Amino acid sequence: MVNFFRRGLLATKKKARGSPKATTSRFYYFPDSAKGKLIGRGGGTIKGLSATYSVTIDTDQSGVIEVAGVEEKIEECRVAIEDLMKMRVSGDTPCRVTFDLQKERDESFLGKLRANRYRSAALTSCPEASRALPQAGSRSTSHRITNKVEQECLLLDLEVPGSDNKFSHVTAVGAVEDCLKACDMLASELELGTLAYTTTGAGVGEAGYSTPPQFDLLTSRAIAKALFFPGRDEEPGPYHPDADPGEEKSLSTLAVALKYLDSANKSIDVAVFNITEDRLTQRLLDAHRHRGVRVRVITDDEQAKQTGSDAARLREAGVPLEMDADFRYHMHHKFACLDGAVLLNGSFNWTRQASEHNNENLVITNDSSLVAAFHSQFETLWKGFEGTGDAQAPATPPPANAPAPSQEEDTVFTACPKCGGPIYDNREANQGRKNPWPSFKCKDTRGCQWCEW
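All values reported here derive from a predicted model rather than from experimental measurement.

Topic: the pattern of salt bridges
And then number 1: A full pass over the atoms with the stated rule returns 26 salt bridges.
And then number 2: Residues R279 and E191 are paired through a salt bridge, measuring 2.8 Å at the closest nitrogen-oxygen approach. Residue R279 is found in helix 10 (residues 278-290), and its partner E191 is found in the loop between helix 8 (176-189) and strand 7 (197-201); the two are separated by 88 residues along the sequence.
And then number 3: Between R352 and E277 there is a salt bridge, and its shortest N-O distance comes to 3.0 Å. One end of the pair, R352, is in helix 13 (residues 352-356); the other, E277, is in the loop between strand 10 (267-272) and helix 10, and 75 residues separate them in sequence.

Shown next, in the form of structure tokens:
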């Protein structure tokens, strides 16, 4: 009996010494929030991976997973997990890239990211919600930005500020090259042109901003481009006399105007009745914050007070802004001078309504006499309105002997999108201000601010 056990022990030792494969373990950075998917229902997914690659996978430690087994099997399992999770699975310390998309300040862009994220959470946790929501391909789910960026860039996480967290900025977590790819994708998906960022962790720490694609505003050839709105997804070219012929129809109508704004490197002077289109506003902010461009804005005082106006946002960012400060009349211009060389002018108001729905026009030219005339007019207005853009300046009430407002435009302004009822301008009852009242047939529009004109 003793000899039997000796022979068995000896055989075991010989087998161990003769084993061709040594076992080891590897740690990989892995977000705790994603471990549920890795484990799977009833542990089915992680058990399947363990059996397929003859490894053990430990998810108990915070922020990492441990995979133990034969070296080549561990690598095969890592690749399989990466493919399953659509994220980079690596032992290298991840970095954090914080984008210039800030809570409260950039809500119009953050809302698109949050809507996608919360919808995804609802689909994961509640099958009933999945059936109730529109299916993929419908209008409300066509822009699944957050998931697209996370998965295509293999990010460990894409932090989006919201009411359920304390994030202050949109931040990508992962390999530095993946995070920078996410930066480009976010800029493209949100129509920002480019996006500034700050990189920290993984032994790096730097701020970055890639100059967006630009036209040559100082070209000696004539710039003469007419844009008409509502815009087209593929605006016919040429967009610029020196542009690559292959670029024709590669930009939307609005994107052409945005690229001209992106092309300014010295100055942007804007005189516009109303500015609520966030994509246009963002171009002014980028030029001011990151390219050292001198940006000045003149707008109408009444429109600047309305919900949705970006006047306060520009002023808070340090962009010099002036207003007409006259309750009776309006600063109704809609033009911009770029680098003192190119003029954008037309009926086009800088609003989402104008870019997507109204019948508008915008002429882009480098005719020196026209550019000079509009630049001179801007300087005249700027000096005449000096000091009116002060954030602390109180609104001037109409004097007691003010003339009665004109009633010539006291007509139906538009139709309520909810009920089809008329929405009136009603200037007489609104002290002459061009701020139409909503239809009282529809309670959903009573709180709306109809600022377009």
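Examining helix 10
Side chains of residues three or four places apart in an α-helix project in the same direction, reflecting 3.6 residues per turn.
And then number 1: Over its 13 residues, helix 10 extends 17 Å from the first C-alpha to the last, a length consistent with the 18 Å expected when each residue adds 1.5 Å.
And then number 2: The buried count for helix 10 comes to 10 of 13 residues, which makes it a mostly enclosed element.
And then number 3: All of the buried residues along helix 10 are D278, R279, L280, T281, Q282, R283, L284, L285, D286 and A287.
And then number 4: Of the residues flanking the end of helix 10, it is G292, one or two places downstream, whose phi is positive at about 70°.

Brief notes about the packing of aromatic side chains
And then number 1: Considering all chains together, one arrives at 4 aromatic pairs under this definition.
And then number 2: When the centroid spacing of 4.4 Å and the interplanar angle of 25° are considered together, the rings of F229 and F348 count as stacked. With F229 in strand 9 (residues 224-229) and F348 in the loop between strand 14 (342-346) and helix 13, the pair connects residues that are 119 residues apart, well separated along the chain.
And then number 3: Ring geometry for F378 against W382: centres 5.8 Å apart, planes inclined by 15°, an arrangement best described as stacked. Here F378 and its partner W382 are both found in helix 14 (residues 368-384), 4 residues apart, which amounts to about one turn of the helix. Per residue, the accessibility class of F378 equals that of W382, and both read buried.
And then number 4: Positioned over the ring face of W382 is R296, at 5.2 Å from the centre of the ring.

Parameters and conventions
- Residues numbered from 1 in each chain as written.
- Predicted model: local features only at pLDDT ≥ 70, side-chain atom pairs only at ≥ 80, totals over all residues.
- Heavy atoms only, no water.
- Salt bridge = Lys/Arg side-chain N within 4 Å of Asp/Glu carboxyl O.
- Helix = DSSP H or I, 4+ residues; strand = E, 2+ residues; numbered from the N terminus.
- Expected span 1.5 Å × (residues − 1).
- Buried < 20%, exposed > 50% of the residue type's maximum accessible area, 1.4 Å probe, protein only.
- Phe/Tyr/Trp six-rings, centres within 6.5 Å; stacked < 30°, edge-to-face > 60°.
- Lys NZ or Arg CZ within 6 Å of the ring centre and 35° of its normal.

No statement about biological role is implied by the geometric values presented.
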